[in-house]
Amino acid sequence: MRHIPRKADDSVNVSKTHPLVEASTLVAGLGLIFLTIMIVLIFVVEIVLYFVPEKTEVELFETWLPEDIVTVSYDDPRLVELESLLWRLSRHWPETDYEFRVEINDSSEMNALAFPGGLIVVTSGLLEKVESENELAFVIGHELGHFRNRDHIRGLGRGLAIGILFTAISNNEGGAQLGATVADLTLRGFSRRQERSADEFGLWIVQQEYGHVAEAWRLFERLEAEYGGTSEIVALLGTHPSPDDRSQSLIEIASENGWPVSGEVTEIGW
Ligand SMILES: [Zn+2]
């Protein structure tokens with residue numbers, strides 16, 4: 001029997017699907033895997049961090065500062081006043097293991113943020129807008145509320161998970177550094193529920209300190225009147241509800257709890 005050689009079929013290894021379709025399926029598939037790993041990692045890291053006791057958190061972050069803040073001199077009158085106010089307010093929460101610290105970030109942005117280990121950072125831009133101690137007390141009280149609910153730890157989990165993944169992809173050792181910068185914390189933002197809960201605690205602290213909540217939300221009314229709908233308060237809006245909604249919800253919280261909305265207002269010292 002004669003063997004008749006047949007020409008090999010060149011197309012056996014060629015897919016019948018268009019290469020572009022194949023490429024996009026591959027990219028989408030990889031993207032999906034990446035996203036799944038990311039979500040699982042965030043979830044795991046956040047749960048683990050949530051069970052780190054306050055004491056351990058304080059020890060870990062005792063002297064830590066975000067990389068991108070510009071601190072002011074330790075005898076800056078604003079810092080001196082902030083420190084004494086923070087100390088007075090935190091006395092109303094004696095059960096905590098946090099040893100709170102405050103720093104001013106010399107930036108024109110308006111913001112106040114809670115960082116791991118009990119650090120509160122307030123910007124010069126925000127301090128410029130504050131007209132009474134009562135307004136400032138609420139800003140600080142709100143951040144204390146985030147510590148009480150340990151919201152900042154959950155945010156840190158997200159930052160850490162993202163850092164770990166970036167290291168895995170880019171092989172860049174700096175990527176997974178423990179800690180966060182103001183910029184990446186700003187991206188994290190808290191949920192409405194977390195914000196509302198921090199507002200309730202903050203207002204409760206103000207009520208404990210002054211016996212009323214007068215002027216607690218006046219700062220937000222002023223910001224709304226001055227900047228409502230503009231990008232000047234974009235940093236604040238990235239991490240907090242809009243000043244307009246905020247005043248409304250604070251009025252509600254005060255009335256639900258029967259806290260007096262008028263009373264003697266304390267001047268700011270600087
Ligand atoms: Zn907040």
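Located above this text is the structure these notes cover.
What you see is a predicted model, and the numbers here were worked out from it, not measured in a lab.

Remarks on the packing of aromatic side chains
1) Next: Summed over all chains, the structure comprises 9 aromatic pairs.
2) Next: Relative to phenylalanine 147, the ring of tyrosine 98 lies with its centre 5.1 Å away and its plane at 55 degrees, an arrangement referred to as tilted. With tyrosine 98 in the loop between α3 (77-90) and β1 (101-105) and phenylalanine 147 in helix α5 (residues 133-149), the pair connects residues that are 49 residues apart, well separated along the chain.
3) Next: On the accessibility criterion, phenylalanine 147 (0% relative accessible area) is buried.
4) Next: Among the aromatic residues, ring-to-ring pairing joins Trp93, Tyr98, Phe100, Phe147, Phe201 and Trp204 into one connected group.

Side note on the coordination of the zinc ion
1) Next: Bound to the zinc ion on the protein side are His142 (NE2), His146 (NE2), Glu195 (OE) and Glu195 (OE), at distances that span 2.1 to 2.4 Å.
2) Next: Around the zinc ion sit 4 donor atoms; with metal-centred angles ranging over 53 to 129 degrees, the donor geometry is irregular.
3) Next: Read in sequence order, the donor residues coordinating the zinc ion give the pattern H-x3-H-x48-E. Placement of the pair is histidine 146 in helix α5 and glutamate 195 in helix α8 (residues 192-210), with a sequence separation of 49 residues.
4) Next: For histidine 146, a relative accessible area of 0% corresponds to the buried category.
5) Next: Classification of glutamate 195 by relative accessible area gives buried; the value is 2%.

A word on the sheet that holds β1
1) Next: The sheet built from 3 strands is open, its strands ordered β1-β3-β2 with mixed pairing. Looking at which strands have only one partner, the edges of the open sheet turn out to be β1 and β2 (112-115). Neighbouring strand axes in the sheet, compared pairwise and without regard to direction, differ in orientation by 20 degrees on average.
2) Next: Taken together, the 5 bridges between β1 and strand β3 (residues 119-123) define a ladder with parallel strand orientation. Looking across to β3, one finds that arginine 101 is bridged to leucine 119.
3) Next: Contacts from α3 reach β1 and β3, with the element oriented near 150 degrees to β1.
4) Next: This element, α5, spans β2 and β3 of the sheet and lies at about 30 degrees to β2.

Criteria and cut-off values
Residues numbered from 1 in each chain as written. Predicted model: local features only at pLDDT ≥ 70, side-chain atom pairs only at ≥ 80, totals over all residues. Heavy atoms only, no water. Phe/Tyr/Trp six-rings, centres within 6.5 Å; stacked < 30°, edge-to-face > 60°. Helix = DSSP H or I, 4+ residues; strand = E, 2+ residues; numbered from the N terminus. Buried < 20%, exposed > 50% of the residue type's maximum accessible area, 1.4 Å probe, protein only. Donors = N, O, S within 2.8 Å, 3.2 Å for Na, K, Ca; no water. Tetrahedral: all angles 85-135°; square planar, octahedral: opposite > 155°, others 65-115°. Pairing = 2+ DSSP bridges. Axes fitted to C-alpha atoms, helices over the stretch in contact; angles between N-to-C directions. Contact = heavy atoms within 4.5 Å.

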